[in-house]
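# Structural overview
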Amino acid sequence: MKPFPVILSAPSGAGKTTIARRLLERRRDLGYSVSCTTRARRTGETDGQDYHFLSREQFEVERDAGAFAEWAEVHGAYYGTLRREVERVLASGRLCLMDIDVQGARQFAEAFPDTVLVFILPPSGEVLLQRLTGRGSEDTERLLVRMRNAKAEIGDVGRYHYVVVNDDLDRAVERVASILDAESVRHERVHALDEQVGALIAQLEREINGIQQGG
Ligand code: ADP
Ligand code: 5GP
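Keep in mind that this is a model prediction, so the values were computed, not measured. (Residues numbered from 1 in each chain as written. Chains lettered and ligands numbered in written order. Predicted model: local features only at pLDDT ≥ 70, side-chain atom pairs only at ≥ 80, totals over all residues. Heavy atoms only, no water.)

Here we come to the side chain of Asp99. Here Asp99 lies in strand β7 (residues 95–99). Although Asp99 lies buried, it forms no salt bridge, and the closest oppositely charged side chain, Lys16, sits 4.4 Å away as judged by the N-O distance. Within the local environment of Asp99, its side chain forms a polar contact with the side chain of Thr17, the two groups lying 3.5 Å apart. Contact partners of Asp99, with chain neighbours within four places excluded, come to Leu8, Lys16, Thr17, Tyr32 and Ser35. (Helix = DSSP H or I, 4+ residues; strand = E, 2+ residues; numbered from the N terminus. Buried < 20%, exposed > 50% of the residue type's maximum accessible area, 1.4 Å probe, protein only. Lys, Arg positive; Asp, Glu negative; His and termini not counted. Salt bridge = Lys/Arg side-chain N within 4 Å of Asp/Glu carboxyl O. Polar contact = N/O pair within 3.5 Å; in protein donor to acceptor, adjacent residues only side chain to side chain. Contact = heavy atoms within 4.5 Å.)

Shown next, in the form of structure tokens:
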């Protein structure tokens, strides 16, 4: 199978990080592209694992050097996907899972047209607020920015290939896993399909000849 990039987008708090973590724990065919951000590190986050945490100046140096496959300003901070991260994961033969906002997803999919775009929706506005509040990572002002941005982000859902409602976590993870399985066997991604089909046709011809000679 030819490995491909997979983008999960969602309004903040819908659960894409949680879904991505679950998938990465259980699937060996998946790798994660660690993004760069200028936002502050949250409790429990590790530099180099959850994000590469950069100052705005450091980010701008990387950006101006062309290091990003896409970048965007989201909720007042810079976020960007490093080309070298994507190349590292794909070169290892794994699908490259990414958590990218709607602006970045559009840029990335233009540069990598075989990208699979998955939008994660919260089951309701009330649940989204509960999850954001429950995570405890944002003060009221930042929470409001994220809730307001959610309205615009959800309006972009029509540009995605798949939509998964994250109501029950296990079910949502299962749905994304099914998408990855189905996308992996698209005919254009099957390794050496022409050779496989050619070999099968040759085998069928031998079988047919065998029947004719025996009959
Ligand atoms: P995002 O990455 O989209 O901003 P997170 O993955 O950080 O969202 O999830 C936000 C909060 O909601 C976290 O505290 C997470 O544990 C919780 N959460 C995620 N999915 C579910 C779910 N299906 N049911 C209940 N809580 C969830
Ligand atoms: P958070 O700060 O909650 O981790 O992420 C905030 C937003 O930034 C989310 O919409 C998330 O998808 C987006 N994001 C995370 N990494 C990247 C990235 O590399 N590029 C872009 N464009 N957005 C990102």
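Applying the stated criterion across every chain, the model contains eight aromatic pairs. When the ring of Trp71 is compared with that of Tyr78, the centres are 5.6 Å apart and the planes differ by 90°; the resulting orientation is edge-to-face. Classification of Trp71 as partly exposed rests on a relative accessible area of 30%. Take Tyr78: its relative accessible area is 9%, and that puts it in the buried class. Consider the rings of Phe119 and Tyr160, whose centres lie 5.0 Å apart with planes at 80°: the pair is edge-to-face. Placement of Phe119 in strand β8 (residues 116–121) and of Tyr160 in the loop between α6 (140–154) and β9 (162–165) is noted, with a sequence separation of 41 residues between them. Through successive ring pairs, a cluster of aromatic residues spans Phe59, Phe68, Trp71 and Tyr78. Looking at Arg63, its charged tip hangs above the ring of Trp71, at a distance of 5.0 Å from the centre. Seen from the ring of Phe4, Arg189 lies directly overhead, with NZ or CZ sitting 3.9 Å from the centre. (Phe/Tyr/Trp six-rings, centres within 6.5 Å; stacked < 30°, edge-to-face > 60°. Lys NZ or Arg CZ within 6 Å of the ring centre and 35° of its normal.)

It is worth stressing that arrangement in space is one thing and function is another; only the former is reported here.
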